[in-house]
Amino acid sequence: MENDQQESLIQMHLDYDGGHILRETVRWSRFLSIVGIVGLSLCLLVLALAGTAMFAAFSRLAPGIEGLGDLAGGLLLVLLLVFFAIFGLLVYMLYRFSVLTRKGIDHQDQTVFAEGMKCLKTYFLVCGILGVLSLLANLFALTKLF
Amino acid sequence: MEIQQTPETFTPLDNYFNISFDAATRAQIRQAANWAKVYAICAFAGYAIALVVAFFGRMTYLSDSNPGALQFSATFRNARILSALITTAVGVFINYFLYRFAVATVKGIDAMDSVTTNEGFNHLRRYFRILGILIIIGLCFVVLGFIFGILAGLSHS
């Protein structure tokens, strides 16, 4: 019991400044996530409506791809699905971070607040992995260019 | 016996004070900050590579013997350098805040220092705010493009 009290005193608490800063942070991150969700939805809609025409234009840009036939279409579809899945996960995590952190602060709920921070971690984890992969791709392109 | 009742007046300060950074939350925040640092460093390196490519990269796909093509390649090269410089300046400016968030937050969490942790979150707030403002500016351009496109379409018909 005494240990619990001591631990509670030692623990860091969210003070007024921190709470105010986090509130504004989650406001902007929610805006970004909503824009991302709308943008991804629009991309999916365009793909669903004009997917065939877009694939034809893509074939004209990369003539070699026509030889692959249906396989090229399938490959392109898989690549697009992976793209949408990754960016969908990113915007979803950002949205969950903003909603849960705000809820945790408003309802004084430690568990919900921690869940929000977990979503922020997942968001930056995905960003970090994507950053490393794109850096490797850039380095590979650099070796090809010179 | 008189029962004393304490008045339940919650101020925003009390509201925030009930939230604590316990061990699990601190671990999550530390990991988030570490990955944010990885991302920011990768972004800095990526911008450096983009600058190197823009300044020193060969453009083999434009190395035609046609004089017209050569002129186009020179203009294209200048445009590529300019766009790389602008992208790098904006990207470094944005990711600097992310890097500062990562450094200050890890430092604050490790030292159990609320002030430094708040400073770290303040950098995250700036990072998201700048991204948000840039997106708003981008959306304004998209809307303007749509309006001009519709007007151009109407004037042609």
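Structure first, text after, so check above.
Keep in mind that this is a model prediction, so the values were computed, not measured. (Residues numbered from 1 in each chain as written. Chains lettered and ligands numbered in written order. Predicted model: local features only at pLDDT ≥ 70, side-chain atom pairs only at ≥ 80, totals over all residues.)

A few points about the packing of helix H4 (residues 110-145) of chain A against helix H2 (residues 23-56) of chain B
How two helices pack is summed up by the angle between their axes together with the distance between the axes.
And then number 1: For the pair H4 of chain A and H2 of chain B, interaxial distance at closest approach is 7 Å and the crossing angle is 25°. On the basis of their axis angle, the class for H4 of chain A and H2 of chain B is roughly parallel. As for the relative orientation of H4 of chain A and H2 of chain B, their crossing is left-handed in sense.
And then number 2: Residue composition of the contact of H4 of chain A with H2 of chain B, grouped by class: 24 nonpolar, eight polar and two charged. (Axes fitted to C-alpha atoms, helices over the stretch in contact; angles between N-to-C directions. Helix = DSSP H or I, 4+ residues; strand = E, 2+ residues; numbered from the N terminus. Parallel < 35°, antiparallel > 145°, perpendicular 65-115°, else oblique. Left-handed = near helix turned anticlockwise from the far one by under 90°. Nonpolar A, V, L, I, M, F, W, Y, C, P; charged D, E, K, R; others polar.)

Overview of the interface of chain A and chain B
And then number 1: Each partner contributes to the interface: chain A provides 40 residues, whereas chain B provides 41 residues.
And then number 2: The biggest single contributor to the side of chain A that touches chain B is H4 of chain A, with 19 residues.
And then number 3: Residue classes in the side of chain A that touches chain B are distributed as 22 nonpolar, 13 polar and five charged.
And then number 4: Both strand S1 (residues 12-13) of chain A and strand S1 (residues 20-21) of chain B contribute to a ladder of two bridges, which runs antiparallel. Counted as the bridge partner of His13 of chain A is Ser20 of chain B from S1 of chain B. (Contact = placed C-beta atoms within 7 Å. Pairing = 2+ DSSP bridges.)

Digging into the environment of Ala102 of chain B
All names here are of chain B.
And then number 1: Considering the arrangement of structural elements, one finds Ala102 in helix H3 (residues 67-110).
And then number 2: Taking the C-alpha atoms as reference, Ala102 lies 11 Å from Tyr127; in sequence the two are 25 residues apart.
And then number 3: Setting aside anything within four residues of it in sequence, one finds Ala102 in contact with Ala33, Asn34, Ala36, Lys37 and Ala40.

Quick notes on the nonpolar core
A general tendency of soluble globular proteins is for nonpolar side chains to be buried together.
And then number 1: In terms of nonpolar packing, the biggest core is built from 42 residues, with Tyr123 and Phe124 of chain A together with Ala32, Ala36, Tyr39, Leu98 and Phe101 of chain B touching the most fellow members.
And then number 2: When contributions to this core are tallied by element, the ones reaching two or more residues are helix H2 (16-61), helix H3 (70-106) and H4 of chain A together with H2, H3 and helix H4 (114-156) of chain B.
And then number 3: No other element matches the eleven residues that H2 of chain B contributes to this core.
And then number 4: Excluding residues within four positions of it along the chain, Tyr39 of chain B makes contact with Phe124, Cys127, Gly128 and Gly131 of chain A together with Leu98 of chain B. (Core = buried A, V, L, I, M, F, W, Y, C linked by C-beta atoms within 7 Å. Buried ≥ 20, exposed ≤ 12 C-beta atoms within 10 Å, placed from the backbone.)

Re H4 of chain B
Owing to its 3.6 residues per turn, the α-helix brings residues three or four apart onto one side.
And then number 1: End to end, H4 of chain B covers 62 Å across 43 residues, agreeing with the expected 63 Å (1.5 Å per residue, within 8%).
And then number 2: Inspection of H4 of chain B places Thr117, Asn118, Glu119, Gly120, Phe121, Asn122, His123, Leu124, Arg125, Arg126, Tyr127 and Phe128 of chain B among the buried residues, and these make up the whole buried set. (Expected span 1.5 Å × (residues − 1).)

Things to note about unusual backbone geometry
And then number 1: Positioned with a positive phi, Gln108 of chain A is a non-glycine residue whose angle comes to about 55°.
And then number 2: The residue Gln108 of chain A is located in the loop between H3 and H4 in this model.
And then number 3: Positive phi is not limited to glycine here, since Met112 of chain B has a value of about 55°.
And then number 4: Within the secondary structure layout, Met112 of chain B lies in the loop between H3 and H4.
And then number 5: Exposure remark for Met112 of chain B: the 13 C-beta atoms within 10 Å place this residue in the partly exposed category.

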